[in-house]
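# Examining the three-dimensional arrangement
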Protein chains: 2
Amino acid sequence: MRDHGLLVNTATGLYGWGAQLEAVYEGLTRALSAEAEDARPVVLRFPPILPRAVFEKSEYVASFPQLFGAIHAFQGDECAHEILERAVAEGEDWSDRTRLTDFVLAPAVCYSVYPLYGGTVLDGGKTVDASGFCFRHEPSTEPGRLVSFRLREFVTIGSPADAAAWFGTWYERAPAFLRRLGLDVRVEAASDPFFGTTGQVMAENQREEGMKAEVVVPIGDHPVAVASINCHRDHFGRIFDIRSADGEPAHSACVGFGLERLAFALVAAHGPDTVRWPDEVRALLW
Amino acid sequence: MRDHGLLVNTATGLYGWGAQLEAVYEGLTRALSAEAEDARPVVLRFPPILPRAVFEKSEYVASFPQLFGAIHAFQGDECAHEILERAVAEGEDWSDRTRLTDFVLAPAVCYSVYPLYGGTVLDGGKTVDASGFCFRHEPSTEPGRLVSFRLREFVTIGSPADAAAWFGTWYERAPAFLRRLGLDVRVEAASDPFFGTTGQVMAENQREEGMKAEVVVPIGDHPVAVASINCHRDHFGRIFDIRSADGEPAHSACVGFGLERLAFALVAAHGPDTVRWPDEVRALLW
């Protein structure tokens, strides 16, 4: 990718990109809109930042402490500033010179969605088309494993039947969409990267109960998950106090597409020059 | 804005937005591309994150310590995780439970550009069209003062004459562009929000020497800077070791447009329904 001038590397797992790749992201954004159109979702876009209050409520810290990014800021006077400046200049660890702010980096986009329905009783299912930059602290040179990336999520919140239907729909539709983009697609039972020894048990349960599936495609020789389909049961309904019409905690499900991984997989499959991509792929994107 | 369903508020200075506003951002992105086209810039897009090594080198901490966001992550074991979880659950300050990572939030987009030319001697001026989300830790309810926002920058790096010409060009062109969008425009000598008492002197010098100008438009009754034109002299050339053809530290200049502020000013000027905006404005954007 870098050899073809598509990416510029700025740090491990962090890249800038050029006009050609930006056009691929725009094309994927458009094609995914068309794909979800029949559900008439509420369209919401979010900044890369999540309020800390939402994050703390979300139980993310319990499950994935190794992945989140908290935003710290300097909040001192001129004396403290001198000490901070010196620490930075001398290459010292200046972790203790800043304090936690009211903000964290968004670990996924749907965490910004649930609070909007918090404390309400839904009159039927709600479907949201949400997108934004996410952060995961797992710097790596593994293809497609980025620290900062764009996630496009189609989320439904409603009855257990609504959530199960959404999971079932996208279990079929996500791989079909990716096949139309000319990708070699495999669907796998999956689990989230829960932390620690208790986490391993949670991951096994999740896998056994069929609550998460991933759509895996190759980036070169590496199989990479470019989409995931998730059934949350009443996890977020309970946490954010969203109730379905019968007064019970709402269920939710979402499908998420990683735009960078998808774009990298398309480049790996069809070559670095997007003008030469197959006509049927170009027609879907542009 | 919120009353018209254009924005959803998630925290002080932090908003999600809907399809209509997203279309305005896309329109502004396109119109600004057209505006800078004749300079044939290298197009680069960046994630909201900057490598900490670049940030530490940039001298941002010396000038604007009150504004940056540093990214912290949890890097402990299962015992440390229990302590972290308990602190979060009990609403304690958990600042000390995380450590600084190799990443900070991008305070401006051009900080991602200079390192790409670091250690080189330029064969003529380089012009870059750069864009990405930026972070400034100044949570506020003031219109247009956001914690996280998109900045579009046109940067030139070259001889002192190249940089001066770029500043002069955009000193004329930025306000002319905004007038064509139907905005009531004023250009003002400006200074950056340097920290502390030494900072006040630096700000006065910057203003006296005409190194920064802002294009100010109203958002309702509030005058807000939606674009700034900046001459950096050899500041970044010196820091990042970029040299112009004669071997001297390169000079640089940039113009930056705040997309959110611009969009808010357009809504304030032309109303919440973009379909009813004046034809000449619509023609520029879409």
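Our structure's up above, just so we're on the same page.
Residues numbered from 1 in each chain as written. Chains lettered and ligands numbered in written order. Predicted model: local features only at pLDDT ≥ 70, side-chain atom pairs only at ≥ 80, totals over all residues. Heavy atoms only, no water.

At the junction of the two partners, chain A supplies 62 residues and chain B supplies 62 residues. Approximately 5300 Å² of surface area, both sides summed, lies buried where chain A meets chain B, with 71% of it carried by carbon and sulfur atoms. Run the count over chain A and chain B and you get four salt bridges. Residue A:Asp96 is joined to B:Arg99 by a salt bridge in which the shortest nitrogen-to-oxygen separation is 3.1 Å. Within the side of chain A that touches chain B, the residues separate by chemical class into 35 nonpolar, 17 polar and 10 charged. (Contact = heavy atoms within 4.5 Å. Buried area = accessible area lost by both parts, 1.4 Å probe. Salt bridge = Lys/Arg side-chain N within 4 Å of Asp/Glu carboxyl O. Nonpolar A, V, L, I, M, F, W, Y, C, P; charged D, E, K, R; others polar.)

Next up on the list: the nonpolar core. In this structure, A:Leu178, A:Leu181, A:Phe257, B:Leu21, B:Leu178, B:Leu181 and B:Phe257 are the most contacted members of the largest nonpolar core, which totals 178 residues. When sequence neighbours within four positions are dropped, the list of residues in contact with A:Phe257 reads A:Leu32, A:Arg150, A:Leu151, A:Arg152, A:Phe154, A:Trp170, A:Ala174, A:Phe177, A:Val226, A:Ala227 and A:Leu262. (Core = buried A, V, L, I, M, F, W, Y, C linked by side-chain atoms within 4.5 Å. Buried < 20%, exposed > 50% of the residue type's maximum accessible area, 1.4 Å probe, protein only.)

Our focus in this paragraph is the relation of the copies chain A and chain B. For the pair chain A and chain B, the superposition axis carries a translation of 0.0 Å, the fit reaches an RMSD of 0.0 Å, and the rotation angle comes to 180 degrees. Between the two chains, the operation in question is that of a two-fold axis. The C-alpha atom lying nearest the rotation axis in chain A is that of A:Ile71; the distance is 2.5 Å. (Least-squares fit on C-alpha atoms with pLDDT ≥ 70 in both.)

All right, on to the side chain of A:Thr101 then. In this fold, A:Thr101 is placed in strand β6 (residues 99-105). Here A:Phe103 takes part through its backbone nitrogen, which lies 3.0 Å from a polar atom of the side chain of A:Thr101. Contact partners of A:Thr101, with chain neighbours within four places excluded, come to A:Arg52, A:Ile71, A:His72, A:Ala73, A:Gln75 and B:His137. (Helix = DSSP H or I, 4+ residues; strand = E, 2+ residues; numbered from the N terminus. Polar contact = N/O pair within 3.5 Å; in protein donor to acceptor, adjacent residues only side chain to side chain.)

The packing of two helices is summarised by the inter-axis angle and the distance between the axes. Residue and element names in this part refer to chain B. The N-to-C vectors of helix α1 (residues 19-36) and helix α8 (residues 259-270) enclose an angle of 110 degrees; their axes lie 10 Å apart at closest approach. In terms of orientation, α1 lies roughly perpendicular with respect to α8. Viewed along their axes, α1 and α8 form a crossing whose handedness is right-handed. Counting all contacts with α1, which are made through Leu21, Val24, Tyr25, Leu28, Thr29 and Leu32, the residues of α8 involved are Leu259, Glu260, Leu262, Ala263, Phe264, Leu266 and Val267. Grouping the amino acids of the contact of α1 with α8 by side-chain chemistry returns 11 nonpolar, one polar and one charged. (Axes fitted to C-alpha atoms, helices over the stretch in contact; angles between N-to-C directions. Parallel < 35°, antiparallel > 145°, perpendicular 65-115°, else oblique. Left-handed = near helix turned anticlockwise from the far one by under 90°.)

The next thing to look at is the environment of B:Thr169. Residue and element names in this part refer to chain B. In this structure, Thr169 sits in helix α5 (residues 160-180). For Thr169, a relative accessible area of 35% translates into the label partly exposed. When the C-alpha positions of Thr169 and Val255 are compared, they lie 9.8 Å apart, and in sequence the two are 86 residues distant.

What follows deals with the packing of aromatic side chains. Applying the stated criterion across every chain, the model contains 44 aromatic pairs over all chains. Between A:Phe177 and A:Phe257 the ring centres are 6.1 Å apart and the planes differ by 75 degrees, which places this aromatic pair in the edge-to-face class. Of this pair, A:Phe177 sits in helix α5 (residues 160-180) while A:Phe257 sits in strand β12 (residues 251-258), placing them 80 residues apart in sequence. An angle of 75 degrees between the planes, with centres 6.1 Å apart, marks the rings of A:Phe195 and B:Phe74 as edge-to-face. With A:Phe195 in the loop between β9 (186-189) and α6 (196-208) and B:Phe74 in the loop between β5 (70-73) and α4 (78-89), the pair connects residues from two separate chains. For B:Phe74, a relative accessible area of 4% gives the class buried. (Phe/Tyr/Trp six-rings, centres within 6.5 Å; stacked < 30°, edge-to-face > 60°.)

Attention now moves to the sheet that holds β5(B). The six strands are arranged β4(A)-β6(A)-β5(A)-β5(B)-β6(B)-β4(B) in an open sheet whose pairing can be described as antiparallel. Two strands in the sheet have a free side with no partner beyond their single neighbour: β4 (49-51) of chain A together with β4 (49-51) of chain B. Along the sheet, successive strands turn relative to each other by an average axial angle of 50 degrees, direction set aside. Pairing of strand β5 (residues 70-73) of chain A with β5(B) involves three bridges; the strand directions are antiparallel. Directly across from A:Ala70, in β5(B), lies its bridge partner B:His72. (Pairing = 2+ DSSP bridges.)

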